[in-house]
Amino acid sequence: MKLIIAVVQDKDSTRLSDGLVKADFRATKLSSTGGFLKAGNTTFLIGVDDDKVEDVMEIIQKNCRSRDQLIAPVSPMGGNADSYVPYPVEVEVGGATVFVLPIEQFHQF
Ligand code: 2BA
């Protein structure tokens, strides 16, 4: 068994959940925040049998797309000066960042 952790953009999260439910996969959605943009994103935890990992990858690829995002400079006043970016930055935010981890045990009580 594997645990798939997928960080996706909020805009794609409903479509991805619908795609997973439709294909009979179970998932948990967590609200998360990107460390770089400090913007909300969604993290999916999906537990699946090894032979289903590729099916889940296809669903993720089909439902999540990358977008360019322009980050406007924000004054550090009252905030953390370490994170201040003094000029607009355009970054391409990926459709999904996916980790696949081996699961030692799975229990449901
Ligand atoms: P963020 O950390 O907010 O990053 C958003 C996008 O900003 C990234 O898109 C990347 O294009 C850019 N970026 C991130 N760090 C950067 C840096 N130090 N310098 C320049 N540009 C940078 P993605 O790579 O597609 O990542 C989308 C989101 O996936 C990330 O949001 C983060 O929440 C998660 N993520 C990406 N890589 C990760 C990793 N190795 N471990 C954990 N989470 C990760």
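Below: a short report on this structure.

Parameters and conventions
- Residues numbered from 1 in each chain as written.
- Predicted model: local features only at pLDDT ≥ 70, side-chain atom pairs only at ≥ 80, totals over all residues.
- Heavy atoms only, no water.
- Axes fitted to C-alpha atoms, helices over the stretch in contact; angles between N-to-C directions.
- Helix = DSSP H or I, 4+ residues; strand = E, 2+ residues; numbered from the N terminus.
- Left-handed = near helix turned anticlockwise from the far one by under 90°.
- Contact = heavy atoms within 4.5 Å.
- Nonpolar A, V, L, I, M, F, W, Y, C, P; charged D, E, K, R; others polar.
- Near = heavy atom within 4 Å.
- Polar contact = N/O pair within 3.5 Å; in protein donor to acceptor, adjacent residues only side chain to side chain.
- Areas by Shrake-Rupley, 256 points an atom, 1.4 Å probe, with all protein chains shown as cover.

## Remarks on the packing of helix H1 (residues 10-22) against helix H2 (residues 53-63)
1) Next: Following both chains from N to C, one finds H1 and H2 inclined at 145°, their axes separated by 9 Å at the closest point. The two elements H1 and H2 meet at a crossing, and its hand is right-handed. Of the residues in H2, those touching H1 at Asp12, Arg15, Leu16, Gly19 and Leu20 are Val56, Ile59, Ile60 and Asn63.
2) Next: Of the residues in the contact of H1 with H2, the class split is five nonpolar, two polar and two charged.

## Observations concerning the site of the ligand
1) Next: Within the structure, the ligand sits among Val7, Gly34, Gly35, Phe36, Leu37, Asn41, Val91, Glu92, Val93, Gly94, Thr97 and Phe99.
2) Next: Separating an oxygen atom of the ligand from a backbone N or O atom of Phe36 is a distance of 2.8 Å.
3) Next: Measuring from an oxygen atom of the ligand, one finds a backbone N or O atom of Gly94 at 2.6 Å.
4) Next: Relative to its unbound accessible surface of 740 Å², the ligand loses 51% to contact with the protein.
5) Next: Ranked by residue count, the leading element in the shell around the ligand is strand E5 (residues 89-93), at three residues.

This is a description of form; function is not addressed.
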